[in-house]
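Structural overview for review
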Amino acid sequence: MKTTISGTMLSLGLLLAAALPAAHAADYAVRQTWTLDQAGRWDYLEVDPVRHRLFVTRGDRVQVLDLSSGKVAGQIGGLQRAHGVAFAQKLNLGFASSGGGNSVVVFDLATLQTRQEVKVAGQNPDAILFEEGSGKLYTFNGKTNNVSVFDAASMAPKATIEVGGKPEFAVTDGKRIYVNIEDKAEIAVIDIATDRQVARWPLAGCEEPTGLALDAAHRRLFSACQNGVLAVTDAASGKAVARAAIGKGSDAVVFDAASATVFSSNGDGTLSMIHQDDADHYAKAATLRTEKGARTMAMDHDGGAVYLPTVVDKHFTVIVATP
């Protein structure tokens with residue numbers, strides 16, 4: 001189901017965003033392009049800040065790149081339509097969702113060796129999230145509208161949570177998990193203590209929300225919508241706070257607290273950068289040209305580098321944008 005853009009709230013939000021000054025992101029530019037192998041599937045990617053590596057899901061494997069050079073440091077094989085990656089640093093474990101295998105592949109973060117493969121209670125696990133406080137791992141199963149919960153250390157199943165729609169990306173504040181429901185244009189809220197859905201919040205004017213980020217200090221959620229809208233939601237109440245224009249076809253969004261900037265990677269070949277003036281006000285997006293199809297991304301928050309994968313001249317390529 002798609003939600004059409006209509007209503008006074010969206011129109012007013014976009015007008016307010018357009019009236020604000022541009023984001024302070026003029027220094028960002030594409031500094032490097034890492035040309036790797038032949039074109040193929042890819043989805044989400046994640047930075048391991050401890051070992052300074054970039055984990056990129058590549059269909060039948062997870063490709064691991066050295067952040068300083070872009071060279072391949074290793075890979076985790078045996079996946080089918082790999083989607084997401086999560087890390088449990090204290091356990092020295094990584095987790096990759098295998099959508100075609102309806103499973104999670106667990107691997108050693110230091111050696112990249114596979115430890116085990118565990119089936120989920122659903123189909124097409126997509127986004128994946130490790131919640132450190134509880135020690136639980138969550139997979140968001142796109143074809144069965146549910147969430148599988150595991151004890152991350154043992155991978156023993158803990159719960160299955162119905163969310164009433166197709167779950168996409170998810171974030172946590174330590175007490176609750178927030179997940180975009182792509183086909184309903186909503187955010188579902190899960191209580192971590194009970195592993196139950198406790199709320200559903202509509203995203204007016206947002207079509208097919210995918211990427212999701214959290215500003216923990218101000219309790220603001222940022223949903224990237226396929227129709228070129230960034231939806232800002234109060235994580236305490238579920239109320240719509242603001243709307244801002246971004247590029248079309250976004251599949252990932254990151255909030256950088258150090259610069260108070262929201263980054264959206266867009267399939268139309270742009271990176272939208274929106275400065276947060278305060279919790280409820282957001283500047284007009286500054287736009288950096290990337291490459292068509294660069295719709296997902298990860299950020300190294302230590303230096304602000306953004307990594308955007310796509311295909312350029314029939315080769316899988318990671319674009320590196322830095323300030």
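Reading the values: the criteria
Residues numbered from 1 in each chain as written. Predicted model: local features only at pLDDT ≥ 70, side-chain atom pairs only at ≥ 80, totals over all residues. Heavy atoms only, no water. Helix = DSSP H or I, 4+ residues; strand = E, 2+ residues; numbered from the N terminus. pLDDT = per-residue confidence, 0-100. Contact = heavy atoms within 4.5 Å. Buried < 20%, exposed > 50% of the residue type's maximum accessible area, 1.4 Å probe, protein only. Pairing = 2+ DSSP bridges. Salt bridge = Lys/Arg side-chain N within 4 Å of Asp/Glu carboxyl O. Core = buried A, V, L, I, M, F, W, Y, C linked by side-chain atoms within 4.5 Å. Polar contact = N/O pair within 3.5 Å; in protein donor to acceptor, adjacent residues only side chain to side chain. Phe/Tyr/Trp six-rings, centres within 6.5 Å; stacked < 30°, edge-to-face > 60°. Lys NZ or Arg CZ within 6 Å of the ring centre and 35° of its normal.

**Thoughts on unusual backbone geometry**
Although it is not a glycine, Asn 145 sits at a positive phi angle of roughly 55°. Among the secondary structure elements, Asn 145 is positioned in the loop between β11 (136–141) and β12 (146–151). Positive phi outside glycine occurs at Ala 185, with the angle close to 55°. With respect to the helices and strands, the residue Ala 185 is situated in the loop between β15 (176–181) and β16 (186–191).

**Details of the confidence of the model for the protein chain**
Low-confidence regions, as indicated by low pLDDT, have predicted coordinates that should not be scrutinised in detail. Taken as a whole, the protein chain shows an average pLDDT of 92; of its residues, 92% reach a score of 70 or greater. In the predicted structure, residues 1–23 sits below a pLDDT of 50 and forms 46 contacts with residues beyond four places in sequence or in another chain.

**So, the pairing of strand β20 (residues 229–234)**
The element β20 is largely enclosed, with a buried count of six among its six residues. Side chains of β20 alternate between two faces, with Val 229, Ala 231 and Thr 233 and Leu 230, Val 232 and Asp 234 buried alike. Two successive antiparallel strands, strand β19 (residues 220–225) and β20, enclose a turn made up of three residues, where Gly 228 displays a positive phi of approximately 80°. Here β20 runs beside strand β21 (residues 240–245); their pairing, made up of five bridges, is antiparallel. Within β21, the residue paired with Ala 231 across the bridge is Arg 243. Hairpin geometry of β20 and β21 is characterised by an intervening segment of five residues between the two adjacent antiparallel strands and by a positive phi of about 85° at Gly 238.

**Here's the deal with the pattern of salt bridges**
Scanning all chains against the criterion turns up 13 salt bridges. Between Arg 61 and Asp 37 there is a salt bridge; the shortest N-O distance is 3.0 Å. Here Arg 61 is found in strand β4 (residues 61–66), whereas its partner Asp 37 is found in strand β1 (residues 29–38), with 24 residues between them in sequence. Here Arg 61 falls in the buried class, since its relative accessible area comes to 17%. You can call Asp 37 partly exposed: its relative accessible area is 24%. Arg 220 serves as the salt-bridge partner of Asp 234, at 3.4 Å between the closest nitrogen and oxygen. Here the residue Asp 234 occupies a position in strand β20, and Arg 220 occupies one in strand β19, the gap between them amounting to 14 residues. Of the residues examined, Arg 220 reaches a relative accessible area of 9% and is grouped as buried. Members of the salt-bridge network, linked through shared partners, are Asp 37, Arg 58, Asp 60 and Arg 61.

**Quick word on the nonpolar core**
Considering soluble globular proteins, one finds that nonpolar side chains tend to be buried as a cluster. If you look at the biggest cluster of nonpolar residues, it comprises 16 residues, and the most contacted ones within it are Tyr 28, Phe 263, Leu 271, Met 273, Met 297, Val 306 and Leu 308. Of all elements in the fold, only β22 (250–256), β24 (270–278), β26 (286–289), β28 (305–312) and β29 (315–322) reach the threshold of two or more residues within this core. Ignoring any residue separated from it by four or fewer positions in sequence, one finds Tyr 28 in contact with Phe 263, Met 273, Leu 288, Met 299, Gly 304, Val 306, Ala 321, Thr 322 and Pro 323.

**What about the side chain of Asp 195?**
Residue placement: Asp 195 occurs in the loop between β16 and β17 (196–202). Residue Asp 195 is classed as buried on the basis of its relative accessible area of 11%. Here the side chain of Asp 195 touches Tyr 138 through a polar contact of 2.7 Å, side chain to side chain. Here Asp 195 is in contact with Lys 136, Tyr 138, Val 149, Ala 159, Ile 161 and Ile 190, once residues within four sequence places are set aside.

**What to know about the packing of aromatic side chains**
This structure, assessed with the given rule, holds 10 aromatic pairs. Ring plane angle 40° and centroid distance 5.0 Å describe the contact between Tyr 44 and Phe 169, whose orientation is recorded as tilted. Pair noted here: Tyr 44 is in the loop between β1 and β2 (45–48) and Phe 169 is in strand β14 (residues 167–172), with a separation of 125 residues, a long-range link. For Phe 169, a relative accessible area of 22% translates into the label partly exposed. What links up through ring pairs into an aromatic cluster is the set Phe 55, Phe 87 and Phe 107. The ring of Phe 316 has Arg 58 sitting right over it, with the charged end atom 3.7 Å from the ring centre. Its end group placed over the ring of Trp 42, Arg 295 keeps NZ or CZ at 4.7 Å from the ring centre.

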